[in-house]
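Chain by chain, the residues:
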Amino acid sequence: MNREHYGKLIFELSQPGRTGYSLPKNEFEEYSLIELGEEALRQTETLLPECDELTIVRHYTNMSNNNFGVDTGFYPLGSCTMKYNPKLNEELCQLPGFNLHPATPAPYAQGSLKLYDEVQRTLAEIAGLSRFTLNPFAGAHGELTGLMVIRSYHMSRGDMARTKIIVPDSAHGTNPASAAVCGLQIVEVKSLADGTVDVEALKPLLGPDIAGMMMTNPNTLGLFETKIPEIAKMVHECGGLMYYDGANLNPMLGVCRPGDMGFDVMHINLHKTFSTPHGGGGPGSGPVGVRKGLEQFLPNPQVAKDTDGTYSLHCDAQSLGSISGFLGNFGVIIRAYAYLLSLGKENIPMAGKLSVLNANYIKQSLRSHYKLPIDTVCKHEFVFDGLLEEYGGDHHAAEHVTTLDVAKRLLDYGFHAPTIYFPLLFHEAMMIEPTETESKETLDAFIAVMKRIAEEAKADPAMLKSAPHNTPVRRMDDVKAVKEPKFTFKAL
Ligand SMILES: *Cc1c(COP(=O)(O)O)cnc(C)c1O
């Protein structure tokens, strides 16, 4: 790391008159002035940094070294599925043939439309549903779209009374948020101590005002919801539809299908399960699938394969309308296609099974040091409730070592922290998702470090309280970072 430049703003590196480029002499100066007029001329100096090329290269290279990503180290962030994104996908999505203007007429975009249609069909097969739209831009956007499908379905039958949606207390925060944006009232259903939805608590909530129920499977605790057939039957009997939050589809891949479980509508997070780099909030894609009989409510435009084998865009009069410009985040769709084809039908189930094996391996290896509130076989992720008491994790004690302290210390050892303080069901929640792409050596190294941190917590809790110690930035004031974020650089 170049200490000389480290931590400086680009404006601090600026030296008057220094440049990293040279332009040819402007031979048209007099003409452009005639065309544009004096008023088009800038009256004040630009406040841009003035740097030579090498200074810029070092500045940005050093800055990128301060980032943590899947490409730099293990990233066990639960709920987010931070799997490795094969570089091949990046190359393929940059092929010049895909570099189309979004308004290109269908006859000149046949290849892209074919790819869209094949991804749509493959997802339908993986999900056990009839048809997908790839138009939504994120998981939450998919949720909104799916809920709008449910609303359109009820309205098409003239049933206007269904204004409520049931959401489990363990749901990802986007579920109630999307339902609220869709104009639905949220009815919360409690979970049992084993982390799954309480069927008895669900019964009294059902009625003629229920539009449907949202479920995540495996749920946000990484647990398979075993009572889905019973729940789906109850919701259907009351006239509601079943919505599947498929952001956690990874462990199910090729093993079981939401459509077969009784779900009517679902979304998938392509950027999580189907390998697109998605740190820092994007880019995303949240395809929405529906069972037979609901296809006409999907958003316009839809891609259709015509009898002569060509592809066209068409709009359905019963559609919920349009939810995005054009056909979604196409680069993400290409990456998903590349990922699906490179795994192939025979290897897709391996991804799901290995992600489950890896999660259970870490869980069993660390339960000697960390509190395991739900002691069952997990799917792709699981939750610890902080350190065991003998390692200083008793959160009733005044001076205890918290999940935040462990997470910060992990950074010192070169690992990204797991998701912390989510889900909200446990005081010191620490949610770990290794994904299928990590080797046993990496998992073992992570386990060893987690055990070592537990020993440190016992021997020297003060040291953990001030971690991280060897990262470019030490422990930050999280509250201040949220309350007073600085998004812009200012010239000094
Ligand atoms: C990530 C996630 C979402 C939201 O997806 P975004 O693409 O971030 O909008 C919804 N539900 C669950 C369970 C998730 O993990």
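Numbering of residues starts from 1 in every chain and runs along the sequence as written. Where local features are concerned, this predicted model is filtered to residues with pLDDT of at least 70; where side-chain atom pairs are given and counted, the filter is 80 or more; whole-chain, interface and lining totals use all residues. The basis for every side-chain value is the complete set of non-hydrogen atoms in the structure, without hydrogens or water.

S.K.: Even after reading the chapter, I still don't get the layout of surface pockets, so can you show me in this structure?
M.R.: By rolling a water-sized probe across the atoms, one finds the places where empty space is left. Grid points spaced at 1 Å over the protein atoms alone were grouped into cavities, where a 1.4 Å probe fits but cannot get out, and pockets, open sets with protein on both sides within 12 Å along at least five of seven lines, with lining residues defined by an atom within 4 Å of a point. Grid points are joined across faces, edges and corners, and a volume is the space filled by probe spheres set on the points. Roughly 1,300 Å³ of volume is contained in the largest pocket. Forming the walls of the largest pocket are 42 residues, and the residues nearest its centre are Asn-66, Asn-67, Pro-472, Val-473 and Met-476. Asp, Glu, Lys and Arg are counted as charged, while Ala, Val, Leu, Ile, Met, Phe, Trp, Tyr, Cys and Pro are counted as nonpolar; the rest, among them Gly, fall into the polar class. Of the residues that constitute the lining of the largest pocket, the class distribution is 21 nonpolar, 14 polar and 7 charged. The split of the chain into domains comes from an automatic or database domain assignment. Counting contributing residues, the lining of the largest pocket receives three or more from each of domain 1 (3–64) and domain 3 (349–483).

S.K.: How do you make sense of the pattern of salt bridges when you look at a structure like this?
M.R.: Where charged atoms from two side chains of opposite charge come close, those side chains can pair. Here, a salt bridge means any side-chain nitrogen of Lys or Arg that lies within 4 Å of a carboxyl oxygen of Asp or Glu. Scanning all chains against the criterion turns up 20 salt bridges. The salt bridge partner of Arg-121 is Asp-117, with a shortest N-O separation of 2.6 Å. Pair noted here: Arg-121 and Asp-117 are both in helix H4 (residues 110–127), with a separation of 4 residues, about one helical turn. On the basis of relative accessibility, which here comes to 46%, the residue Arg-121 falls in the partly exposed class. Runs of E in the DSSP output that reach at least two residues are strands. Runs of H or I that reach at least four are helices, and both are numbered from the N terminus. Type-normalised accessible area, obtained with a 1.4 Å probe on protein chains alone, sets the label of each residue: buried when under 20%, exposed when over 50%, and partly exposed for intermediate values.

S.K.: Please explain a nonpolar patch on the surface as it appears in this structure.
M.R.: In this scheme, patches are assembled from residues that exceed 30% relative accessible area and form no salt bridge. Like charges are connected within 9 Å, while nonpolar side chains (Val, Leu, Ile, Met, Phe, Trp, Tyr) are connected within 5 Å. For accessible areas, the Shrake-Rupley method is used with a probe of radius 1.4 Å. Any residue's cover is judged against the shown protein chains and nothing else. A contiguous nonpolar patch, built from Ile-56, Tyr-60 and Met-63 and spanning about 260 Å² of accessible area, is present on the exposed surface. Judged by its relative accessible area of 30%, Ile-56 is partly exposed.

S.K.: Would you take a moment to explain the domain arrangement of the chain for this structure?
M.R.: One widely used convention gives an interface's size as the accessible area the parts lose upon coming together. Taken domain by domain, the chain comprises domain 1 (3–64), domain 2 (87–343) and domain 3 (349–483). Throughout, a residue-residue contact means that at least one pair of heavy atoms, one from each residue, lies within 4.5 Å. Taken together, the 21 residues of domain 2 in the interface contact 21 residues of domain 3. Accessible area that two parts lose when put together, evaluated with a 1.4 Å probe and summed over both, is termed the buried area. Surface buried jointly by domain 2 and domain 3 totals about 1,500 Å² across both partners, of which 68% is contributed by carbon and sulfur atoms. On the domain 2 side of the interface with domain 3, the three residues burying the most area are Leu-221, Asn-250 and Pro-251, jointly 34% of the side's total. The tally of links from domain 2 across to domain 3 stands at 0 salt bridges. Whenever two N or O atoms come within 3.5 Å, that pair is a polar contact, provided that in protein one can donate a hydrogen and the other can accept it, and provided that, for residues adjacent in sequence, both atoms are side-chain atoms. Viewed at the interface, domain 3 and domain 2 are joined by 3 residue pairs in polar contact (both at pLDDT 80 or more). A breakdown of the residues in the side of domain 2 that touches domain 3 according to their chemical character gives 10 nonpolar, 9 polar and 2 charged.

S.K.: Got a minute to help me understand the sheet that holds strand S12 (residues 429–432) in this structure?
M.R.: Hydrogen bonds along the backbone pair up the strands of a sheet, which may run parallel or antiparallel. An order of S10-S12-S11 is seen for the 3 strands of this open sheet, with the pairing classed as antiparallel. The open sheet is flanked by strand S10 (382–385) and strand S11 (419–420), the only strands paired with a single partner. The pairing of S11 with S12 spans 2 bridges and is classified as antiparallel. Paired with Ile-420 across the two strands is Met-430, which belongs to S12. DSSP-based pairing: two strands are paired if at least 2 bridges between them are found.

S.K.: Explain the pairing of strand S5 (residues 241–246) here, please?
M.R.: The side chains of a regular strand alternate, first on one face of the sheet and then on the other. Within S5, 6 of the 6 residues are buried, which leaves the element mostly enclosed by the surrounding structure. Alternating residues of S5 divide into Leu-241, Tyr-243 and Asp-245 and Met-242, Tyr-244 and Gly-246, and every residue in both groups is buried. Note that strand S4 (residues 210–216) and S5 share 5 bridges and pair parallel. Residue pairing across strands places Met-214 opposite Tyr-243, the latter belonging to S5.

S.K.: Teacher, can you tell me more about helix H6 (residues 174–181) here?
M.R.: Counting along an α-helix, one turn takes 3.6 residues, and residues three or four places apart therefore face a common direction. Among all positions in H6, only Asn-175, Ser-178 and Ala-179 are buried. Down the axis, H6 shows its buried residues gathered within 100° of arc, on one side only. Buried-residue contacts for H6 involve helix H5 (139–156), strand S2 (164–168), strand S3 (185–189), S4 and S5. Residue Gly-183 follows H6 closely and has a positive phi angle near 85°. The arc in question is traced by the directions running from the helix axis to the C-beta atoms.

S.K.: So what exactly am I meant to see when it comes to the site of the ligand here?
M.R.: When at least one non-hydrogen atom of a residue lies within 4 Å of a molecule or strand, that residue is treated as near it. In the vicinity of the ligand there are 13 residues, among which Gly-139, Ala-140, Asp-245, His-271 and Lys-272 approach most closely. Ser-79 is positioned such that a nitrogen or oxygen atom in its backbone is 2.8 Å from an oxygen atom of the ligand. Here an oxygen atom of the ligand sits 2.8 Å away from a polar atom, N or O, in the side chain of His-271. Contact with the protein chains covers 86% of the free accessible surface of the ligand, which is 380 Å². Among the elements of the structure, H5 and helix H10 (270–273) are those that each provide at least two residues to the shell around the ligand. The biggest single contributor to the shell around the ligand is H5, with 3 residues. Split into classes, the residues belonging to the shell around the ligand amount to 3 nonpolar, 7 polar and 3 charged.

S.K.: How should I be thinking about the packing of helix H11 (residues 330–366) against helix H13 (residues 440–459) in this particular structure?
M.R.: The description of two packed helices rests on the angle between their axes and on the distance between the axes. As a rule, the C-alpha atoms of each element are fitted with a line to give its axis, helices using only the stretch in contact, and angles between N-to-C directions run from 0 to 180 degrees. The interhelical angle for the contact between H11 and H13, taken along N-to-C directions, is 30°, at an axis separation of 10 Å. Here H11 is positioned roughly parallel relative to H13, judged by the angle of their axes. Between H11 and H13 lies a crossing of right-handed hand. Together, Asn-358, Tyr-361, Ile-362, Ser-365 and Leu-366 of H11 and Lys-440, Leu-443, Asp-444, Phe-446, Ile-447, Met-450 and Lys-451 of H13 make up the contact between the two elements. Grouping the constituent residues of the contact of H11 with H13 by class yields 7 nonpolar, 2 polar and 3 charged. What sets the label is the angle itself: under 35 degrees gives roughly parallel, over 145 gives roughly antiparallel, 65 to 115 gives roughly perpendicular, and the rest give oblique. We call a crossing left-handed when the near helix sits turned anticlockwise from the far one by less than a right angle, and right-handed when that turn is clockwise.

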